[in-house]
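What follows is each chain in one-letter form.
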Amino acid sequence: MKLNQSIAISENGFIFNPATGDSFTLNNTGMQVVSLLKSGKTIDDIKETLTAEYDVDTMILERYLQDFISDLKRNNLLLEE
Amino acid sequence: MEKKVFERPTITKLTPGMPSKHGSGAAIAPIRYIEGLKIDDLLEKYGSPLYIFSESVIRKNIEDLKRSFTVRYPKVQIAWSYKTNYLDAICRIFHQEGSWAEVVSGFEYDKARRNGIPGEHIIFNGPGKTEAELLKAAKEGAYIHIDHFDELFLLAKVCQANNVTARVAIRVNMDVGIYPKWDRFGFNYENGEAWDAINRIMANPQFKFMGLHTHIGTYIMTAEAYRIAASKLSELAAAVAQKFNHYIAYIDMGGGFASRNTLRGAYLSGEDTTPSFDEYADAITSAIINSQIKPDKLPAIILETGRALIDDAGSIAGTVIATKRLTDGRRALIVDVGVNLLFTSFWYDHKINPTQAHSGLVEETVIYGPLCMNIDVIRPSLMFPPLKVGEHFVISRTGAYNNTQWLQFITTRPNVILIDTNRQTHVIRNAETIDSIVSNEQIPDHLK
């Protein structure tokens, strides 16, 4: 799973997809996940980073991460490998 | 190092130039405390969901309403509308503040009596009074508000058969320029029915004609309607004085003052559009004072305000059970407060706030209750922060009608607590159990 490399990401949580013209806004955790994806991290790496940083149960993290990934896919921001 | 609080990641598509009906989606501030007590702690102690009432807010509302009227008019009496909320503890707060009881059934009448209210401080409204209830109310000196001619004749028969006199008033319906026009209760003003009823009452020596009552509707958002109603009732009172040299003791303006909740589909928030008590008071008192009634014979004004006195004193706190993404992309939250507990969600876009802070981002969300029923929707659409499973929220202004029109449906009803003026909490209705629900059921022998 890879982030669509053509998309532009600003530091303060905005995403622009030049292929579709869509803009998005992310909350802090959303921004963090997208940045990690952009730097080539795998979902497992991301889980590890977030569990270390946040007070969150692994199961709950997994559940919301899965949700977020499907939102990214729905918005054409992720490419299936 | 202490770990950070986890907010579930969200992404929201921006649609410049095409704001949704919610506009840009303002951040929703958390409501953490009610009367200085942490909502999360109350939920932990008393369970979720939880009805929470504030005694201070109730007392303040009564004081505000009283002040608005008494600065403009010499005689004002509030009668607590039992059907709005007849939990005994709530009623007793109103009675401690001097409110009479306004009841619409034998059940409510008995509840008021149990709460220590004498018959002569009970206003007995409603279209369905039985012979036994009428007799009891007449004997105890309650104000019986006659709804229709059949009740008038029934009461006459009851008084004659038992040799009692009854203190009566009539309910009058009329056109006050608003829609819907309520004409199913009482006698009509415009077609002369009300005047006819008054004449029949005045002709019966076992009736003491005490007053005139109207209830023009519910959630009335214009004070002008009350001015028209008060003015028409005053004309009737003046006509009675002229013809019979009889001065009625009171004009009862019923209820119907709007609370600050926002009606479903309303463009503007109820907080901006609801008239103040002062506006209602000004309309009603000036209509009566400016009428043909002689200044030394002014009747008392009785107010049966329910909703506007209790709505913002009650809240329901609850917990998120699940989150979902709907096929149209909207976020859905499933919470443990259903329409069985929040009947008013059919009428209002209730204000809902999380109990914890979130980043400013909100997304379009549907809030569903836990019932396995398609109608169980608390808010069909609002901009809401990304709450996680197990997080808490509080729904404000739920004090009116939800503890009387609630349904024991699919599940049991939770605890109701009162926060007193010293910030002590009291359970005023215990959570139901399966035993309390089935205690009235009986199983025939062949099914045992």
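Keep in mind that this is a model prediction, so the values were computed, not measured.

Draft legend 1. Spotlight on the overall build of chain B. Along its length, chain B carries 12 helices and 22 strands. By the compact-globule yardstick of 22 Å for 448 residues, chain B fits well, its C-alpha radius of gyration being 25 Å. Based on the C-alpha atoms only, the size of chain B along its principal axes is roughly 85 × 65 × 45 Å. The buried share of chain B, taken over its 448 residues, is 45%. Counted over contacts in chain B with a minimum sequence separation of 6, partners at least 24 positions apart contribute 69%.

Draft legend 2. Main features of the overall build of chain A. Assigned secondary structure in chain A consists of three helices and six strands. Traced from its N-terminal end to its C-terminal end, chain A shows the element sequence β-β-β-β-α-α-β-α-β. The globule rule puts the C-alpha radius of gyration for 81 residues at 12 Å, and the 12 Å found for chain A is close to it. In chain A, which comprises 81 residues, the proportion classed as buried is 27%. By sequence separation, contacts in chain A at least 24 residues apart represent 43% of the contacts at least 6 residues apart.

Draft legend 3. Geometry of the nonpolar core. In this structure, B:Ile122, B:Ile144, B:Ile170, B:Ile284 and B:Ile301 are the most contacted members of the largest nonpolar core, which totals 114 residues. Sort the elements by how many residues they give to this core and helix H8 (residues 224-244) of chain B lands first, with eight residues. Structurally, this core is a two-domain feature, drawing no fewer than three residues from each of domain 1 (33-53 + 313-438) and domain 2 (55-311) of chain B. Counting 17 residues, the second-largest nonpolar core is a separate cluster that includes A:Ile15, A:Met31, A:Leu37 and A:Leu77.

Draft legend 4. View of the interface of chain A and chain B. Facing 22 residues of chain A, the contacting portion of chain B comprises 18 residues. Contributions of two or more residues to the side of chain A that touches chain B are made by strand S4 (22-26), helix H1 (28-38), strand S5 (54-55) and helix H3 (58-74) of chain A. Per-element accounting of the side of chain A that touches chain B gives the leading share, seven residues, to H3(A). Considered class by class, the residues forming the side of chain A that touches chain B number nine nonpolar, seven polar and six charged. Bridge count between S5(A) and strand S1 (residues 4-5) of chain B: two bridges; the pairing is parallel. Each residue of the ladder has a partner; that of A:Asp55, found in S1(B), is B:Val5.

Draft legend 5. Representation of the domain arrangement of chain B in the model. Residue and element names in this part refer to chain B. Under the domain assignment used here, chain B contains domain 1 (33-53 + 313-438) and domain 2 (55-311). For domain 1 and domain 2, the distance between their C-alpha centres works out to 33 Å. The interface of domain 1 with domain 2 comprises 21 residues on the first partner and 22 residues on the second. Of all the elements in the fold, those that place two or more residues in the side of domain 1 that touches domain 2 are strand S21 (416-419) and strand S22 (425-429). With three residues, S21 is the largest single contributor of residues to the side of domain 1 that touches domain 2.

Draft legend 6. Up close: the sheet that holds strand S2 (residues 8-9) of chain A. Strands sit in the order S2(A)-S3(A)-S4(A)-S2(B) across an open sheet of four strands; the sheet is antiparallel. A strand with exactly one partner marks an edge of an open sheet, and here the two such strands are S2 of chain A together with strand S2 (11-14) of chain B. Across four bridges, the pairing between S4(A) and S2(B) is antiparallel. From the neighbouring strand, A:Leu26 faces S2(B), where its bridge partner is B:Ile11. Set on the sheet, H1(A) makes contact with S2, strand S3 (14-17) and S4 of chain A together with S2 of chain B; between it and S4(A) the angle comes to about 115°.

Draft legend 7. A look at the packing of helix H7 (residues 193-202) of chain B against H8(B). All names here are of chain B. Where H7 contacts H8, the two axes come as close as 11 Å, and the packing angle between them is 40°. The orientation of H7 with respect to H8, classified from their angle, is oblique. The two elements H7 and H8 cross, and the hand of that crossing is right-handed. Counted together, Ala-194, Trp-195, Ile-198 and Met-202 of H7 and Leu-236, Val-240 and Phe-244 of H8 form the full contact between these two elements. Of the residues contributing to the contact of H7 with H8, the split by class is seven nonpolar, no polar and no charged.

Draft legend 8. View of the packing of helix H2 (residues 43-53) of chain A against H3(A). All names here are of chain A. For the pair H2 and H3, the least separation of the axes is 11 Å and the interaxial angle reads 130°. Compared by their axis directions, H2 and H3 come out oblique. At the point where H2 passes H3, the crossing takes the right-handed sense. Of the residues in H3, those touching H2 at Ile-43, Ile-46, Lys-47, Leu-50 and Thr-51 are Thr-58, Leu-61, Glu-62 and Leu-65. When the residues that make up the contact of H2 with H3 are grouped by side-chain class, the tally is five nonpolar, two polar and two charged.

Draft legend 9. Molecular detail of unusual backbone geometry. Residues and elements named next belong to chain B. The residue after Ser-48, namely Pro-49, is reached through a cis peptide bond having omega -5°. By the element assignment, Pro-49 lies in the loop between helix H1 (39-46) and strand S5 (50-54). For the bond running from Tyr-179 to Pro-180, omega is 0°, close enough to zero to count as cis. Structurally, Pro-180 is set in the loop between strand S10 (166-173) and strand S11 (187-188). With a phi close to 55°, Asn-163 is a non-glycine residue in the positive phi region. Position of Asn-163 relative to the elements: it lies in the loop between helix H6 (149-162) and S10.

Draft legend 10. The pairing of S22(B), seen in detail. All names here are of chain B. Where S21 meets S22, four bridges bridge the pair, whose relative direction is antiparallel. Directly across from Ile-419, in S22, lies its bridge partner Thr-425. The antiparallel hairpin formed by S21 and S22 contains five residues in its connecting segment, where Arg-423 sits at a positive phi of about 65°.

Draft legend 11. Summary view of the pairing of S5(B). Residues and elements named next belong to chain B. Counting buried residues in S5 gives five out of five residues, a clear majority hidden from the surface. Pairing of S5 with strand S15 (residues 314-325), which is carried by four bridges, proceeds in the antiparallel orientation. For Phe-53, the partnering residue across the bridge sits in S15 and is Gly-314. Two strands pair when backbone bridges link them, and S5 and S21 are joined in this way by four bridges, in the parallel orientation. Note on S21: the bridge partner recorded for Phe-53 is Leu-418.

Definitions and cut-offs
- Residues numbered from 1 in each chain as written.
- Chains lettered and ligands numbered in written order.
- Predicted model: local features only at pLDDT ≥ 70, side-chain atom pairs only at ≥ 80, totals over all residues.
- Helix = DSSP H or I, 4+ residues; strand = E, 2+ residues; numbered from the N terminus.
- Rg over C-alpha atoms; globule rule 2.2 N^0.38 Å.
- Buried ≥ 20, exposed ≤ 12 C-beta atoms within 10 Å, placed from the backbone.
- Contact = placed C-beta atoms within 7 Å.
- Core = buried A, V, L, I, M, F, W, Y, C linked by C-beta atoms within 7 Å.
- Domains from an automatic or database assignment.
- Nonpolar A, V, L, I, M, F, W, Y, C, P; charged D, E, K, R; others polar.
- Pairing = 2+ DSSP bridges.
- Axes fitted to C-alpha atoms, helices over the stretch in contact; angles between N-to-C directions.
- Parallel < 35°, antiparallel > 145°, perpendicular 65-115°, else oblique.
- Left-handed = near helix turned anticlockwise from the far one by under 90°.

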